[in-house]
Amino acid sequence: MISRLLLAACATLGLTIAAAHAQNLRIGLREDPDILDPTLARTFVGRIVFASLCDKLFDINERLEIVPQLATGYTWEDPRTLLVTLREGVRFHDGEAMDAEAVRYSLDRHQNMQGSFRRGEINTIEAIEVVDPLKIRIRLRAPSAPFLSQLTDRAGMIVSPKAAEAGGRNFGTRPVCAGPFRFVERVAQDRIVVERFPEYWNAAAMHLNRVTYQIITDSTVRLANLQSGALEMVQTIDPDDVPAVRRNSRLRVSVSDELGYQSITFNIGNGARAQTPIGQNARIREAFELAIDRAALNQVVYEGMYTPTAQPVPPANPFHVAGFRPEPRNVERARALLREAGVTTPLRVEMTIPNNPDLRQAGEVIQAMVREAGFDLRLNTMEFASSLQAATRGDFEAYLLAWSGRVDPDGNSWTFIHSRGPQNDGRYSNTEVDRLLDAARTEPDAGKRRELYGQIWQIALRQDRHRIYLWHRKNIVAHTERLQGYVNVPDGIIRLQGMRLQ
Amino acid sequence: MWGFLLRRLGQVIPTLIIVSILVFALQQLMPGDPALILAGEERGDPEVLAQIRAELMLDQPLVNQYLHWIWRALQGDLGFSWRIRLPVGELILEKLPVTFQLAAMSFVIGVAIGVPCGVLSAVWRDRPADWVINAIALFGISTPNFWLGIMMILLFSVQLGWLPPSGYVPLWEDPLMSLQTTIMPAFVLGTGVASVLMRHTRAAMLGALSQDYVRTARAKGLGERVVVAKHALRNALIPVVTLGTIEFGRLLAGAVLTEQIFSIPGFGKLVVDAVFNRDYPVVQGVVMATALIFVTLSLIADLLYMAINPRLRTA
């Protein structure tokens, strides 16, 4: 018995040593991805796993520039017609060829499959035409500046038509794409395992043999796994854990600006609860904003790690309007504005907050700050799903909500600010802002487009104050010092190309 | 005996039907529209929402949804998880052995500590040993599992490096590794069970030790050991068995927090994630499976009474 135990112990030890030399990477994810079908998937963590399985027509780099992946290039034949040239000799994991027909099939699937979540991203497509096996022409209904950026995410992922036909709606339980790794197994809520695909078109850039995505929801435990060597990398750590990781000589921290933002949405026109002083008077919302010190808030809740902001587009994005900065806190002015508005103070306002410890804390800090200006801020903490439903129904006065962000500025603005925007929960509506948002959507010149966004922020945020942008989060990735070659791209996706374990 | 068994089995079916109706009804009371959750960041698109509702039958009257579900369930089809599209039956079968192993280990730890401590503290009533055992039991009941769990991870995994901090390896894949991954969560859960069992064993033993038959046994000149083990303990065990099966059922229903801390992919994690994602088929399936487990366990408890106490066999 004892000898058998010893044998088992030796075997375990042997395996551990072997694992240390093999290029097997274990990454800790903070939640379990949903279905691994690029057409049906919705979660952010799912995109991290897709980066290993499914290559896209285009990708973005750390400067947020669009670079070719399965495509080799593109030309706009006219503002509505995009010609994409494809890489030669690319194979799917099942050995099938990745060609123009497969691209047409995948785009068609994204557009027309029942329950597709990609439809809204690429519904500007009017027709897709296979020119030859390596060329495809996409015709749009109207010129669209954000269109190309949609092909850098799940809408640009190309699936094997043969496997997709065979798998049907269950394709996502065994996805077959043209990425650097192929699917091995998934144990729900535990792990997803992928292994190197030897015939990958860019095999020279791949040094890892096997990647295991381990789902660990508790951030303390995720970090403990990294510290004890049970993981080589974690998707994200909390800002207050950063000092501890920095002190550990065997670990490295990598930080980049996230694409999204945290903001306070005001209910201005969504049902009965919009009929409050703060919902109806932009001066009162201005007072509320002037009472908040974003830098102090960031210092208290996030160790000063996040980036205070006044607009939805982060500084890393080329469309960030550099001159549009948060106004300094001014409690005197805030009090004066409330007097001008003729409301009796303390003015009662209710803010809905999704039930996360850090957001609760942020809510409490805001509560203390605006109290000095004459607001009686009540915090209504709600479980996330319930808070979303309440917001959609208009059952809120103010709502502290985050957006994960998109590469193109349209994805951070139109849906939330345009009067027909599907996520404009507060029902803000200004015809001039609508016109400018539509113009920015079709403006091909980057400089002019940025100017348009500057004008939109000026009206929607400084004049109408329909929303308060507070901060941009950061992607904080931690990994063992043995891991080399990781590039932190602002979209938070872990790209395995070029990564290796020493 | 057989008549009793049949009667008990006859009660099982109505119980399960009532549970199934309750789960269905309670879910409707839960705020948060599942279609909104499933739509994620596409939640503003009414077309997407309508499509999801149609696909999942959410646009149909509640009675239709229930009848459809129960009809399929009776044929052994519990439906698909809305979130990851795996069959619910498969998910339950995948998680059940994990939770069973964890529950069994915790239960063994709990009984091995709880029952002897309870007996000893009753026998040594109001002596220093009794006080110490009681203090430890109080500590065991009042320590939150998540705190004890994280402290153990920090000590045994991060500081000492003896055990893996979290995760799970199936018993049949690598028994040693499997024990290593489950020993900490089992201990955390086991201490809770031990404390409860200890308190109840002590109370039941004190009751039994003051009974006439114990005095008679002592008067017959039996040794104290025999009196305690054969006469008092056997009678004291009946409430403890009831409690033990309830505790075991509780463990099987999923040790939600502990599984979350140690990333054990078991029942508790399954149902909590399903509730937060409004993944109704998974919630329904897991609750039904849990109800079935509880009903079975209480049946086993009744059979155990008869084994322990022959007086009940005629009933």
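Residues numbered from 1 in each chain as written. Chains lettered and ligands numbered in written order. Predicted model: local features only at pLDDT ≥ 70, side-chain atom pairs only at ≥ 80, totals over all residues.

**Looking at the interface of chain A and chain B**
How we decide: Our contact criterion uses C-beta atoms placed from the backbone: two residues qualify when those atoms are within 7 Å. Put simply, Ala, Val, Leu, Ile, Met, Phe, Trp, Tyr, Cys and Pro go in the nonpolar bin, Asp, Glu, Lys and Arg in the charged bin, and everything else, Gly too, in the polar bin.
Listed as interface residues are 41 residues of chain A and, on the opposing side, 42 residues of chain B. Looking at side-chain class alone, the side of chain A that touches chain B contains 14 nonpolar, 21 polar and six charged residues.

**A few points about the nonpolar core**
Threshold: Each nonpolar core reported here comprises buried Ala, Val, Leu, Ile, Met, Phe, Trp, Tyr and Cys residues connected via C-beta atoms within 7 Å. Exposed residues have 12 or fewer other C-beta atoms within 10 Å of their own C-beta, buried residues have 20 or more, and partly exposed residues fall in between, where C-beta atoms are placed from the backbone. Numbering of helices and strands starts at the N terminus; helices are DSSP runs of H or I of at least 4 residues and strands are runs of E of at least 2.
The biggest cluster of nonpolar side chains holds 197 residues, and the ones touching the most others in it are I158(A) and A291(A). When residues of this core are assigned to their parent elements, the largest contribution, 13 residues, is made by helix 8 (residues 175-209) of chain B. A291(A) has contacts with R329(A), V331(A), A334(A), M369(A), V370(A), E372(A), A373(A) and F375(A), leaving out every residue within four places of it along the chain. Among the nonpolar cores identified, the runner-up in size contains five residues, and I60(A), L64(A), V407(A) and V489(A) belong to it.

**Re the environment of D55(A)**
Residues and elements named next belong to chain A. Counting through the fold element by element, D55 comes out in the loop between helix 2 (44-53) and strand 2 (58-60). Judged by the 26 C-beta atoms lying within 10 Å of it, D55 is buried. Taking the C-alpha atoms as reference, D55 lies 22 Å from T124; in sequence the two are 69 residues apart. For D55, the contacting residues outside a window of four places in its chain are Q69, L70, C177, A178 and G179.

**Quick look at the domain arrangement of chain A**
Residues and elements named next belong to chain A. For the record, the criterion: Each domain's extent was defined by an automatic or database domain assignment.
Each domain of chain A was delimited in the assignment, giving domain 1 (24-31 + 180-254 + 476-501), domain 2 (55-168) and domain 3 (261-472). Centre-to-centre separation of domain 1 and domain 2, based on C-alpha positions: 28 Å. The partner domain 2 presents nine residues to the nine residues of domain 1 that form the contact. A class-by-class count of the residues in the side of domain 1 that touches domain 2 yields five nonpolar, one polar and three charged.

**Focus: the packing of helix 5 (residues 88-123) of chain B against helix 8 of chain B**
Selection criterion: Helix axes use the C-alpha atoms of the stretch in contact, all axes being lines fitted to C-alpha atoms, and the angles between their N-to-C directions lie in the range 0 to 180 degrees. It is the rotation of the near helix from the far one that decides the hand of a crossing: anticlockwise by less than a right angle makes it left-handed, clockwise makes it right-handed.
The interhelical angle for the contact between helix 5 of chain B and helix 8 of chain B, taken along N-to-C directions, is 35 degrees, at an axis separation of 5 Å. In this structure, helix 5 of chain B meets helix 8 of chain B at a crossing whose hand is right-handed.

**Remarks on the environment of S142(B)**
Residues and elements named next belong to chain B. By secondary structure assignment, the location of S142 is in helix 6 (residues 128-142). Judged by the 9 C-beta atoms lying within 10 Å of it, S142 falls in the exposed class. Separated by 55 residues in sequence, S142 and P87 place their C-alpha atoms 39 Å apart.

**A short note on the packing of helix 5 of chain B against helix 6 of chain B**
When two helices pack together, you describe them by how their axes are tilted relative to each other and by the distance separating the axes. All names here are of chain B. Contact pair helix 5 / helix 6: the axes reach a minimum separation of 8 Å and the direction vectors enclose 145 degrees. Handedness of the crossing formed by helix 5 with helix 6: left-handed. Between helix 5, through C117, L120 and S121, and helix 6, the contact on the second element is made entirely by A129, D130, I133 and N134. Residues that form the contact of helix 5 with helix 6 fall into these classes: four nonpolar, two polar and one charged.

**A closer look at the pairing of strand 6 (residues 125-132) of chain A**
Residue and element names in this part refer to chain A. To keep it simple, the criterion reads: Whether two strands pair comes down to DSSP finding at least two bridges between them.
In this sheet, strand 7 (residues 135-140) lies alongside strand 6 in antiparallel orientation, the contact comprising six bridges. When the sheet's bridge partners are listed, I128 is paired in strand 7 with I138. Where strand 6 folds back on strand 7, the antiparallel hairpin that results is connected by two residues.

**Structural notes on the sheet that holds strand 4 (residues 71-78) of chain A**
Residue and element names in this part refer to chain A. Read across the open sheet, the four strands follow the order 4-5-7-6; overall the sheet is antiparallel. Unpaired on one side and paired on the other, strand 4 and strand 6 mark the two borders of the sheet. Neighbour-to-neighbour, the strand axes of the sheet open up by a mean angle of 20 degrees, direction not taken into account. In terms of strand pairing, strand 4 meets strand 5 (residues 81-86) through six bridges, oriented antiparallel.

**A look at the domain arrangement of chain B**
Residue and element names in this part refer to chain B. Domain boundaries in chain B define domain 1 (14-74) and domain 2 (92-314). On a C-alpha basis, the centroid separation for the pair domain 1 and domain 2 is 36 Å. Contacts between domain 1 and domain 2 engage 10 residues on the former and 10 residues on the latter. Class assignment of the residues belonging to the side of domain 1 that touches domain 2 gives a composition of six nonpolar, four polar and no charged.

**Quick word on the sheet that holds strand 19 (residues 474-480) of chain A**
Residues and elements named next belong to chain A. Strands sit in the order 8-9-10-1-11-19-12 across an open sheet of seven strands; the sheet is mixed. Of all strands in the sheet, those bounded by a partner on one side alone are strand 8 (181-187) and strand 12 (251-257). Alignment of strand 11 (residues 233-234) against strand 19, held across two bridges, turns out to be antiparallel. Each residue of the ladder has a partner; that of M233, found in strand 19, is H479.

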